[in-house]
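Listed below, chain by chain, are the residues.
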Amino acid sequence: MKIIKIVFWVLWRIWFYILMAVPILIMFPFLVLSILSYKSYPYFFKMARIWAKFILFGMGFYYKIEKEQAIDPKKSYMIVANHTSMTDIMLMLAVVKNPFVFVGKQELAKIPLFGFFYKRTCILVDRNCSKSKNDVFKKAQQRLNMGLSVCIFPEGGVPSDESVILDSFKDGAFRLAIDHQIPVLPISFADNKKRFSYTFLSGSPGVMRVKIHKPIETIGKTALDRKILREESRDVILNQLNLFNLKNDN
């Protein structure tokens, strides 16, 4: 029985990367056209959402969304969420309709085919380079000025210890939100670690629960409020993750 599980996990992981590649190859000419200028980014975003939903469906994942408040399609947000899986990217694209740009680590740009578009549409950061971190703020400002939203996983990466429910948050997302006086939109992902963690021989098809929380306003806040905003956002997500876990136990 254990050997069958191992074979399933290996084939299933390979299938994930096949699913990532197929829609990119099919839509390749249109994707290339959509990244020629910043103005055409909303068209790229629509295709990215199709790509994300294709992967989730193909992997046997189905998502359930609970919203505390409707997202205003005319507003820019600083979107923050817990980070436990590569599927966080796909799920975020699937559940948020407002065009947004990811701030993500440079390492993902090395993934064949996916990386070609990733490095041309996302804001990449080298967490070991202070200049790279400063460049993030400039690039994020450009996107926000275009009316886009920005998505950051404020833990700064996936915790190496999978028993960690939610790691501490970095300041960057909240500094940007205050600088631009845009609301922070916290989102909680309940099951991504369970469904598709970074542990190779693990995971299974099934439900992915999502809670989109009420936006936290930043109007009138200053740099002195950055840490309070950071901890408030973290508390919202952590409390929800604990509620999700409590429901699992029951």
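Predicted model, so just to flag it, every value in this text is computed and none were measured.

Engineer: Talk me through the pairing of strand β2 (residues 78-81); I want residue IDs and the actual numbers.
Structural biologist: Residues M78 and V80 of β2 are buried on one face, and the alternating residues I79 and A81, pointing to the opposite face, are buried as well. Pairing of β2 with strand β5 (residues 149-152) involves 3 bridges; the strand directions are parallel. Looking across to β5, one finds that M78 is bridged to V150. Relative to strand β6 (residues 184-189), β2 runs parallel, the two being bridged by 4 bridges. By the bridge assignment for β6, A81 is matched with I187.

Engineer: Can you break down the confidence of the model for the chain residue by residue, with the values?
Structural biologist: Per-residue confidence for the chain gives a mean pLDDT of 90; residues scoring 70 or more make up 96%. Model confidence for the chain, summarised as mean pLDDT per element, is weakest for helix α6 (residues 130-145) at 78 and strongest for β6 at 98.

Engineer: Just give me the short version of the state of the cysteines, but keep the residues and values in it.
Structural biologist: Evaluated as defined, the whole model comprises 0 disulfides. Its sulfur unpaired, C122 is 9.5 Å from the next cysteine sulfur, which belongs to C151.

Engineer: Go over the sheet that holds β2, please, and point to the residues and values.
Structural biologist: Judged by pairing direction, the sheet is mixed, and its 7 strands sit side by side in the order β1-β7-β6-β2-β5-β3-β4 without closing on themselves. Whereas interior strands pair on both sides, the edge strands pair on one side only; in this sheet they are β1 (61-67) and β4 (123-125). Adjacent strand axes in the sheet meet at a mean angle of 25° when their direction is disregarded. With 4 bridges joining them, strand β3 (residues 100-105) and β5 adopt parallel strand pairing. Each residue of the ladder has a partner; that of V101, found in β5, is V150. Contacts from helix α3 (residues 41-58) reach β1, β3 and β7 (206-212), with the element oriented near 120° to β1.

Engineer: Account for helix α1 (residues 2-26), with residues named and values stated.
Structural biologist: The terminal C-alpha atoms of α1 lie 37 Å apart, and with 25 residues this matches the ideal 36 Å at 1.5 Å per residue to within 8%. Here the buried face of α1 lies against α2 (28-34), α3, β1, α4 (87-95), α5 (114-121) and α8 (192-196).

The rules behind each value
- Residues numbered from 1 in each chain as written.
- Predicted model: local features only at pLDDT ≥ 70, side-chain atom pairs only at ≥ 80, totals over all residues.
- Heavy atoms only, no water.
- Buried < 20%, exposed > 50% of the residue type's maximum accessible area, 1.4 Å probe, protein only.
- Helix = DSSP H or I, 4+ residues; strand = E, 2+ residues; numbered from the N terminus.
- Pairing = 2+ DSSP bridges.
- pLDDT = per-residue confidence, 0-100.
- Disulfide = S-S within 2.5 Å.
- Axes fitted to C-alpha atoms, helices over the stretch in contact; angles between N-to-C directions.
- Contact = heavy atoms within 4.5 Å.
- Expected span 1.5 Å × (residues − 1).

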